[in-house]
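Residue strings, one per chain:
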Amino acid sequence: MAMLTVDHIGKSFGGLRVLSDVTFDVNEGEVVGLIGPNGAGKTTLFNVITGFLTPNHGTVMFDGRDITRLAPNARVRAGLVRTFQKSMVFPDLSLRENIALAVRARNSAGYRLRPAARELAEADATADALLARARLGERAGDKVCNLSYGDQRIVDVLISLAMAPRLLLLDEPTAGLAREEGERLIEIVRQHDSRTAIVLIAHDLDIVFGTSNRVAVLDLGRMIAFDTPAAIRAHAGARAAYLGALAEAT
Ligand SMILES: Nc1ncnc2c1ncn2[C@@H]1O[C@H](COP(=O)(O)OP(=O)(O)OP(=O)(O)O)[C@@H](O)[C@H]1O
Ligand SMILES: [Mg+2]
């Protein structure tokens, strides 16, 4: 059984139909690339999967459970975690503080005014372990705003890893990064836990095709193809949606 099943999802804003009959699935440990032109509906689909939007039609199943109407925080506790297209870090807090906050958000029902010292120490230790594995251990105490842009995007991803995802939805984490930086970011997620599934939105087709087991192509709110990278490269409709960009991404 697939970990995530998105079944015949439709979503409209007023009269504007943004998603039509979108169906796809993600297995444990799988990386699914989600591509499509600007405005295709990729972020809207993430919003439906993570509970920020309720669809007009269709269902979202996670671990065999219908979560279509479950609140976003309950989905996070179930292991469904996302990043946002725009960074959500606190730039004036340190790397360690940013990640430790996420650990605590995951572990406790809410923030306590005076958390137990042990809870804080454990969150810091988890943050330090994540930073060390991402080779940012030496910068744990630095403010995030003093990092390079690429390292800030890595902190974004570490924050979501701190929430112990079983499925991680990454909305353009590699935007603005050089190819090697983008590949390093995806590698950090892959090495974290090989069972963690990923849905990756990116416009850099080299990164998508190089890291994904399957690729889903959205165009004007429709899933026009969902297949292996090789099959997507050869898919006429997918090529047309990208006006030849796929042909260049080899
Ligand atoms: N809350 C909203 N209200 C009205 N229209 C919306 C809303 N959110 C998104 N849209 C519209 O839905 C369409 C799809 O937007 P979406 O952000 O999902 O695209 P996208 O594929 O993520 O694009 P990009 O690659 O630029 O990030 C766009 O036409 C957008 O203007
Ligand atoms: Mg988007």
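Trainee: Could you clarify how one ought to interpret the site of ligand 1 in this entry?
Mentor: Lining the immediate environment of ligand 1, one finds 13 residues, of which Asn38, Gly39, Lys42, Thr43 and Thr44 sit closest. In the model, an oxygen atom of ligand 1 is placed 2.8 Å from a nitrogen or oxygen of the Gly39 main chain. Within the side chain of His203, one N or O atom sits 3.0 Å away from an oxygen atom of ligand 1. Burial of ligand 1 by the protein amounts to 59% of the accessible area it has alone, namely 630 Å². A total of 3 residues in the shell around ligand 1 trace back to one element, the largest contributor, which is helix 1 (residues 42-50). In terms of residue class, the shell around ligand 1 is made up of 4 nonpolar, 7 polar and 2 charged.

Trainee: In this structure, what is going on with the domain arrangement of the chain? I would like to understand it.
Mentor: For an interface, size is often stated in terms of accessible area lost upon the parts coming together. Domain boundaries assigned for the chain yield domain 1 (1-79 + 165-250) and domain 2 (90-163). Facing 16 residues of domain 1, the contacting portion of domain 2 comprises 16 residues. Across the domain 1/domain 2 interface, buried area totals approximately 1400 Å², and carbon plus sulfur atoms make up 62% of it. Looking only at domain 1, the three residues that lose the most surface to domain 2 are Arg184, Ile188 and His192, adding up to 37% of its buried area. Salt-bridge contacts for Arg184 lead to Asp151; the nearest nitrogen and oxygen are separated by 3.6 Å. At the boundary of domain 1 and domain 2, one finds 3 residue pairs in polar contact (both at pLDDT 80 or more). Those elements giving two or more residues to the side of domain 1 that touches domain 2 turn out to be helix 2 (72-78), strand 7 (167-171) and helix 6 (179-192). By residue number, the principal contributor to the side of domain 1 that touches domain 2 is helix 6, which donates 6 residues. Residues of the side of domain 1 that touches domain 2, tallied by class, amount to 10 nonpolar, 2 polar and 4 charged.

Trainee: I tried to follow the sheet that holds strand 1 (residues 4-13) on my own but got confused; where do I start?
Mentor: Strand-to-strand pairing in sheets goes through backbone hydrogen bonds, with the strands running parallel or antiparallel. Strand order across the open sheet formed by 4 strands is 2-1-4-5, with antiparallel pairing between neighbours. Looking at strand neighbours, the two that pair on one side only are strand 2 (16-26) and strand 5 (65-66), the edges of this open sheet. Pairing of strand 1 with strand 2, which is carried by 7 bridges, proceeds in the antiparallel orientation. Each bridged residue has a counterpart across the sheet, and for Ser12 the counterpart in strand 2 is Arg17. Taken strand by strand, helix 1 contacts strand 1, strand 2 and strand 4 (57-62), and its axis lies near 65° from that of strand 2.

Trainee: It is not clear to me how helix 3 (residues 95-107) should be interpreted in this structure. Could you clarify?
Mentor: Three- or four-residue spacings in an α-helix give side chains the same orientation, since the helix completes a turn every 3.6 residues. Taking 1.5 Å per residue, 13 residues should reach 18 Å; helix 3 reaches 19 Å between its end C-alpha atoms and fits that length. Taken as a whole, helix 3 has its buried residues at Leu95, Asn98, Ile99, Ala100, Ala102, Val103 and Arg104. Next to the buried residues of helix 3 lie helix 4 (117-133) and helix 5 (149-161).

Trainee: Explain helix 6 here, please?
Mentor: An ideal rise of 1.5 Å per residue puts 20 Å on 14 residues; helix 6 measures up with 20 Å between its terminal C-alpha atoms. Residues of helix 6 that are buried include every one of Gly182, Leu185, Ile186, Ile188 and Val189, and no others. Looking down the long axis of helix 6, one finds its buried residues gathered within 145° of arc, a one-sided arrangement. For helix 6, the exposed residues lying more than 90 degrees away from the buried face are Glu180 and Gln191. Looking at the buried side of helix 6, the elements it contacts are helix 5, strand 7, strand 8 (197-201) and helix 7 (205-211).

Definitions and cut-offs
Chains are numbered independently. Their residues run from 1 in the order of the written sequence. Labels are handed out in written order, letters beginning with A for the chains and numbers beginning with 1 for the ligands. Where local features are concerned, this predicted model is filtered to residues with pLDDT of at least 70; where side-chain atom pairs are given and counted, the filter is 80 or more; whole-chain, interface and lining totals use all residues. Calculated side-chain values reflect all of the structure's heavy atoms, with hydrogen atoms and water omitted. Whether a residue is near a molecule or strand is decided by its heavy atoms; if any one of them lies within 4 Å of it, the residue is near. Here a polar contact is recorded for every N or O atom pair within 3.5 Å, except that within protein the pair must consist of a potential hydrogen donor and a potential acceptor, and residues adjacent in sequence are included only if both atoms are side-chain atoms. Under the convention used here, a 1.4 Å probe and the Shrake-Rupley method define accessible areas, while residue burial counts only the protein chains that appear. Secondary structure elements follow DSSP: runs of H or I of four or more residues count as helices, runs of E of two or more count as strands, with numbering from the N terminus. Each residue is assigned to one class: nonpolar for Ala, Val, Leu, Ile, Met, Phe, Trp, Tyr, Cys and Pro, charged for Asp, Glu, Lys and Arg, and polar for all the others, Gly among them. Domain start and end points were adopted from an automatic or database domain assignment. Contacts: residue pairs with any heavy atoms within 4.5 Å of one another. The term buried area refers to how much accessible surface (probe radius 1.4 Å) is lost by two components on association, counted for both of them together. Each salt bridge in this description consists of a side-chain nitrogen of Lys or Arg and a carboxyl oxygen of Asp or Glu lying within 4 Å of one another. For two strands to be treated as a pair, DSSP must find at least two bridges joining them. Orientation is described by axes fitted as lines to C-alpha atoms, over the contacting stretch for helices, and by angles from 0 to 180 degrees between their N-to-C directions. One less than the residue count of a helix, multiplied by 1.5 Å, gives the span that helix is expected to have. Buried, partly exposed and exposed residues are distinguished by accessible area as a fraction of the type maximum, computed with a 1.4 Å probe on protein chains only: under 20%, between the cut-offs, and over 50%, respectively. What the arc measures is the spread of directions leading from the helix axis to the C-beta atoms.

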